[in-house]
Amino acid sequence: MKIAVCVKQVPDATVHKRIDPQTKRLDRSGEGALNPTDLNAVEEAIRIKDAHGGEVVLVCLGPAKAVDSLRKALAMGADRALLVSDDAAAGSDLVATGKALAKALEREAPDLVLFGQASGDGDGAVLWAAVAERLRRPVISQAAELSFADGAVTGKRQTEHGYDTISAPLPAVVAVSDAINEPRYPSLKGIMGAKSKPQETLSAGDLGLDAGDVGEAGSKTTVLELGPPPSRGDTVKIEDDGSAAQKIIDYAVERRLL
Amino acid sequence: MKFLVFLEHHERELEKGGLGALAKAASLGEAEGVVLGAGAAEVAAQAGAFGAAKVYACEDDALAAPLPQPRVDALAAALEKSGADAVLFGSTVLSADVAAGLSARLDAGLNWDLTDLVLEGDDLVGKRPALGDTVLVDVGWTGGPRLALVRSGALDAVESGGSAEVETFQATYSDFSTLATLLEQTQEESSGPSIEDAEIIVAGGRGLGSPEAFSLLEELASALGGAVAATRAVVDAGWYPYATQVGQTGKTVAPKLYIACGISGAIQHKVGMQGSGTIVAINKDPNAPIFDFCDLGVVGDLHQIVPKLTELARSRRGGS
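Residues numbered from 1 in each chain as written. Chains lettered and ligands numbered in written order. Predicted model: local features only at pLDDT ≥ 70, side-chain atom pairs only at ≥ 80, totals over all residues.

Novice: What exactly am I supposed to notice about the overall build of chain B here?
Specialist: Helix and strand counts for chain B come out as eight helices and 18 strands. The globule rule puts the C-alpha radius of gyration for 320 residues at 20 Å, and the 21 Å found for chain B is close to it. A principal-axis box enclosing the C-alpha atoms of chain B has dimensions of 60 × 45 × 40 Å. In chain B, which comprises 320 residues, the proportion classed as buried is 58%. Within chain B, counting contacts between residues at least 6 apart in sequence, those at least 24 apart form 68% of the total. (Helix = DSSP H or I, 4+ residues; strand = E, 2+ residues; numbered from the N terminus. Rg over C-alpha atoms; globule rule 2.2 N^0.38 Å. Buried ≥ 20, exposed ≤ 12 C-beta atoms within 10 Å, placed from the backbone. Contact = placed C-beta atoms within 7 Å.)

Here it is as structure tokens:
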């Protein structure tokens, strides 16, 4: 089975994130790391390959330095990486990102496209459904368990009301939840081996995209203004002297919460 | 501006998230709704009270299971009938996939995680807290239709007391839309409201000390008519089900009152609950980060305080 895992580089979680007031985009100049929940998708892809054979290809849309993050996923056990990198693609929103990713995936023609749960920067948990629509393939999201039989993938997922078990014929697009597995740490052998694994970088043009399809030109949403979040106001802090429960009730009643 | 609001329903009730978006839409302009799936026509009329002048209802067999792709087809058909400038969704597992699918289908801009929508002149502007809610970003659209996912609990489902005309319709489905099928659905049994719907949430973290201590929170939640939530740490430890996890990798909630018990207030949890109206924190550690963003902070032993709270809440309820 050929598996494509869509991964993304995000600013390292330990680095203070900021939005550049000029471009109104997330400042991506600092250290980058693979989006943490993408690791679950990479791990799952490697497990599927171990069980069913095949190939794991990483597909990433991002700046040239995203190769550093891709190397970590290669060290975990992915076979090769495809990076779509183009200055013109910076600032792409869902429409532009979905278009570019779908083009890259069409070129790879995998049996299974995997996504992680949500990206650690844009907070959006929506890209897979947009990509599935563009590829005209079925989608299963939030999968916490996956199995494969007779050319179909079956996923179990949690919703607001319980559990759904959904089946879809391959090729299919699946987004996994972070409850699906515990991502492995790369072994020393894996880290050494990653350096010699194939990494290809393509421009938007290489994928047959026009400059108007990607980046801000291809985006349908805009960032207008940045401001401070609404303040919560002052915190009242008390120490429990046996009357705290009564004080909590009084506080809530005063504010008409009870 | 004309809005079409995607309304989900469960057990013959329209869900609060969609109704909150509908009430907001009605306050900003002309509002219509769309309800899909078995029983849609019957529940559709409920939307009138929240400001919908008209509701499109479709009960096609393709919509029987709660799967997103056939809903993209039906929603696109309803949008064509409606001619709305914007489509709003209350954020759920299902609606996020429907919104993203529609965005790709129409090449229409989608902004998500919005906590409010306003009109600036004739333009729609979304308010979106970002980077762990440290920044409030104003977002817009370059054209229509404008698609928006509203953060769960952010908008109140305010009743304005009108009635809606219900128009039933049938849709045609793309070949790939019906490839995924639902094999099984198990409903989680719960006695109280879900954490997305609850107006009061009692949440527990590591400071509870043991999984058994969650029974204290369950009793308090039941006395207050609220729901119990948990942090990632205790869900990971197997103390409480994942469905109740609040935070970056769980759910985002915004109840009127959030009572955090034995929760330190790590950023991963904070982003899921800081939209709550009032936050009360009980923690033994006076230096816990949660005391920096709660409204009422109590330094003390939750094992002493919570049972007393339950007792007081019960006597209030009994007395009123």
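Read on for the rest.
Novice: What am I meant to see in helix H5 (residues 214–224) of chain B here?
Specialist: Along an α-helix, a turn takes 3.6 residues, which lines up residues three or four apart on a common side. Among all positions of H5(B), only B:Phe214, B:Leu216, B:Leu217, B:Leu220, B:Ala221, B:Ala223 and B:Leu224 are buried. Once H5(B) finishes, B:Gly225 follows within two positions and takes phi at roughly 70 degrees, a positive value.

Novice: I tried to follow the sheet that holds strand E16 (residues 257–261) of chain B on my own but got confused; where do I start?
Specialist: The strands that make up a sheet are held in pairs by hydrogen bonds between backbone atoms, and each pair lies either parallel or antiparallel. Overall, parallel pairing links the six strands, which are arranged E13(A)-E18(B)-E17(B)-E16(B)-E14(B)-E15(B) in an open sheet. Unpaired on one side and paired on the other, strand E13 (236–239) of chain A together with strand E15 (227–230) of chain B mark the two borders of the sheet. Direction aside, the axes of adjacent strands within the sheet are offset by 20 degrees on average. The pairing of strand E14 (residues 200–204) of chain B with E16(B) spans five bridges and is parallel. (Pairing = 2+ DSSP bridges. Axes fitted to C-alpha atoms, helices over the stretch in contact; angles between N-to-C directions.)

Novice: Help me understand the domain arrangement of chain B, please; the structure alone is not making it clear to me.
Specialist: Many analyses report the size of an interface as the accessible area lost when the parts associate. Residue and element names in this part refer to chain B. Domain annotation of chain B identifies domain 1 (2–168) and domain 2 (200–319). Facing the seven residues of domain 1 at the interface are ten residues of domain 2. Taken together, the residues of the side of domain 1 that touches domain 2 sort by class into one nonpolar, four polar and two charged. (Domains from an automatic or database assignment. Nonpolar A, V, L, I, M, F, W, Y, C, P; charged D, E, K, R; others polar.)

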